[in-house]
Amino acid sequence: MASAVTKFRVVVVEDDPDVAFFMKTVLEKRADAVAIAVTDPSIALATIDEFEPDLVITDIEMPGISGIDLLKELRSQHPGLPVVVMTAHVSVDYAVSALRAQADEFLTKPVASAELVSIVNRLAAEGRVKRAAQRQQVVLAIGAHPDDVEIGVGGILAAHRDAGNQVVILTMSRGARGGDADDRQHESLASAELLGARLFLEDLEDTQISAADPTVGIIERVVAEIQPDIVYTHSAHDRHQDHRAVHAATVVATRSVRTVCCYQSPSATIDFRPTRFVPIDGFTDTKLRLIDCFRSQTELRAYLEPDFVLATARYWSRFGGGKNCEPLEVMRDTADISVPASSIEASARYPGSRLNRTAE
């Protein structure tokens, strides 16, 4: 049975309201799924596009559009989506048509509850794995100054890259108050190159970053261009005014992004309260190398010493899996976030299969 966190999303397309309600009830009670019953086949495609299900179950004989026609449309528009077709009439012709249209299962009514639950659990789980393997996620890490994201989520970003995900770093200023702006620009470029990330380096005034425009506009422009699945940014619980401003601007500018998380910076306050702890075993060396790119800072900041960085990651592992973790405050999470378990311990629910989290 799927857990409450990873409930399968199912759309049932059935013009008989009684059958549709029965199937919805069975799936929600016994498969622990989130199900939508569509009794008007004309809105089925629009509902599926909006709901983004893990699986679709459709009747064959329906007014307006047959289940076979719907299946063909789904194979064209959502090629990786598992589809089950069903009918009350046992017919070889129906079965052949369904198979030719590449249905994942063909069922005859009445469908036994146990069989329905078994098929949904199996196909939905298989579909998630296939889509996660096929789809490259786009990850956006936003920081106020050079080195912010490397300190906060350098290990997580390295894991994303190792999995083949696209990583983009947006740095809002060149950190002129903390060192020479040209030096910090070159350091940012070196870190992005080492990581294999795309870098947007803006030139807002250090210590004077606004929580409104132009900060919001810059983030919105980057979000519109790269369409990220996941955003990492500063926490609101931070002593540095630029960090708080970037956090506030990100909240406004990432309204369309399904997953937004906040990382810890050295200036975070005791109110920073993470709920997810991401194992970064295998990526701590990369994180140290990323931070080492910022020599103008590592020579001055005790908190950037390798033993300090590693001790921090080791501490947070008390609450997560593995030996080293990076902590996150989750602002919004409605997307599946994946980096393969070959890169991180299989117990890691994020980015491995998803994030470890505390009890919710």
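For the structure, check the block above.
None of the values given here were measured: they were computed from a predicted structure.

1. Observations concerning the overall build of the chain
Along the backbone of the chain there are 12 helices and 12 strands. Of the contacts formed within the chain by residues at least 6 apart in sequence, a portion of 76% connects residues at least 24 apart. Within the structure as shown, the chain displays about 16100 Å² of accessible surface, and the carbon and sulfur contribution to it stands at 51%.

2. Some thoughts on the pattern of salt bridges
All chains considered together, the criterion is met by 15 salt bridges. With a closest N to O distance of 2.9 Å, Arg-128 and Asp-54 form a salt bridge. One end of the pair, Arg-128, is in helix H5 (residues 113-134); the other, Asp-54, is in the loop between helix H2 (44-51) and strand S3 (55-59), with 74 residues separating them in the sequence. Side by side, Arg-128 and Asp-54 carry an identical accessibility label, which is buried. Among the salt bridges present, the one from Glu-202 reaches Arg-221, with a minimum N-O distance of 2.9 Å. Here Glu-202, found in strand S8 (residues 198-204), pairs with Arg-221, found in helix H8 (residues 215-226); they are 19 residues apart in sequence, far enough to count as distant. By relative accessible area, which is 17% here, Glu-202 ends up buried. Judged by its relative accessible area of 39%, Arg-221 falls in the partly exposed class.

3. Here's the deal with the sheet that holds strand S6 (residues 138-143)
Judged by pairing direction, the sheet is mixed, and its seven strands sit side by side in the order S8-S7-S6-S9-S10-S12-S11 without closing on themselves. Each having just a single partner strand, S8 and strand S11 (276-279) make up the two edges of the open sheet. Along the sheet, successive strands turn relative to each other by an average axial angle of 25°, direction set aside. By the bridge criterion, five bridges tie strand S10 (residues 259-263) to strand S12 (residues 325-333) in an arrangement that is antiparallel. Opposite Cys-261, over in S12, you have Val-330 as the bridge partner.

4. A closer look at the packing of H8 against helix H9 (residues 241-253)
Here H8 crosses H9 at 50°, and the two axes come no closer than 9 Å. Viewed along their axes, H8 and H9 adopt a mutual orientation that is oblique. At the point where H8 passes H9, the crossing takes the right-handed sense. Residue-level contacts link Thr-215, Val-216, Ile-219, Glu-220 and Val-223 of H8 to Val-246, Ala-249, Thr-250, Val-252 and Ala-253 of H9. Residues that form the contact of H8 with H9 fall into these classes: seven nonpolar, two polar and one charged.

5. A word on the nonpolar core
Leu-140, Ile-142, Leu-170, Met-172, Ile-209, Ile-219 and Ile-226 are the most contacted members of the largest nonpolar core, which has 23 residues in total. In terms of residues, this core owes the most to one element, H8, which gives six residues. Beyond its immediate sequence surroundings of up to four residues, Leu-140 is in contact with Val-168, Leu-170, Val-222, Val-223, Ile-226, Pro-228, Ile-230, Val-231 and Tyr-232.

6. With respect to unusual backbone geometry
The peptide bond linking Lys-109 to Pro-110 adopts the cis configuration, its omega dihedral lying at -5°. Inspection of the secondary structure assignment puts Pro-110 in the loop between strand S5 (105-108) and H5. Here Glu-52, not a glycine, exhibits a phi torsion of approximately 55°, which is positive. By the element assignment, Glu-52 lies in the loop between H2 and S3.

7. Comments concerning the side chain of Asp-59
Position of Asp-59 relative to the elements: it lies in strand S3. If near-sequence neighbours (up to four positions away) are discounted, Asp-59 is found in contact with Val-13, Glu-14, Asp-15, Gly-67, Met-86, Thr-87 and Lys-109.

8. Here we look at the sheet that holds strand S4 (residues 83-87)
Ordered by their spatial adjacency, five strands build an open sheet running S2-S1-S3-S4-S5, and the pairing between neighbours is parallel. Looking at which strands have only one partner, the edges of the open sheet turn out to be strand S2 (34-38) and S5. With direction set aside, neighbouring strand axes in the sheet form an average angle of 20°. Looking at chain direction, strand S1 (residues 9-13) and S3 are connected through four bridges and run parallel. Bridge pairing links Val-10 to Leu-55 in S3. Along the sheet, helix H1 (residues 17-30) contacts S1, S2, S3 and S4; its crossing angle with S2, the most-contacted strand, is approximately 175°.

9. Re the packing of aromatic side chains
Per the counting criterion, the structure on display carries five aromatic pairs. Among the aromatic residues, those joined into a ring-pair cluster are Phe-277, Tyr-315, Trp-316 and Phe-319. Across the ring face of Phe-51, the terminal group of Arg-9 is positioned such that the distance to the ring centre comes to 4.2 Å.

10. Focus on the side chain of Thr-284
The residue Thr-284 is located in helix H10 (residues 284-292) in this model. For Thr-284, the residues in contact, after removing those within four places along its chain, are Leu-310 and Asn-324.

About the cut-offs
Residues numbered from 1 in each chain as written. Predicted model: local features only at pLDDT ≥ 70, side-chain atom pairs only at ≥ 80, totals over all residues. Heavy atoms only, no water. Helix = DSSP H or I, 4+ residues; strand = E, 2+ residues; numbered from the N terminus. Contact = heavy atoms within 4.5 Å. Areas by Shrake-Rupley, 256 points an atom, 1.4 Å probe, with all protein chains shown as cover. Salt bridge = Lys/Arg side-chain N within 4 Å of Asp/Glu carboxyl O. Buried < 20%, exposed > 50% of the residue type's maximum accessible area, 1.4 Å probe, protein only. Pairing = 2+ DSSP bridges. Axes fitted to C-alpha atoms, helices over the stretch in contact; angles between N-to-C directions. Parallel < 35°, antiparallel > 145°, perpendicular 65-115°, else oblique. Left-handed = near helix turned anticlockwise from the far one by under 90°. Nonpolar A, V, L, I, M, F, W, Y, C, P; charged D, E, K, R; others polar. Core = buried A, V, L, I, M, F, W, Y, C linked by side-chain atoms within 4.5 Å. Phe/Tyr/Trp six-rings, centres within 6.5 Å; stacked < 30°, edge-to-face > 60°. Lys NZ or Arg CZ within 6 Å of the ring centre and 35° of its normal.

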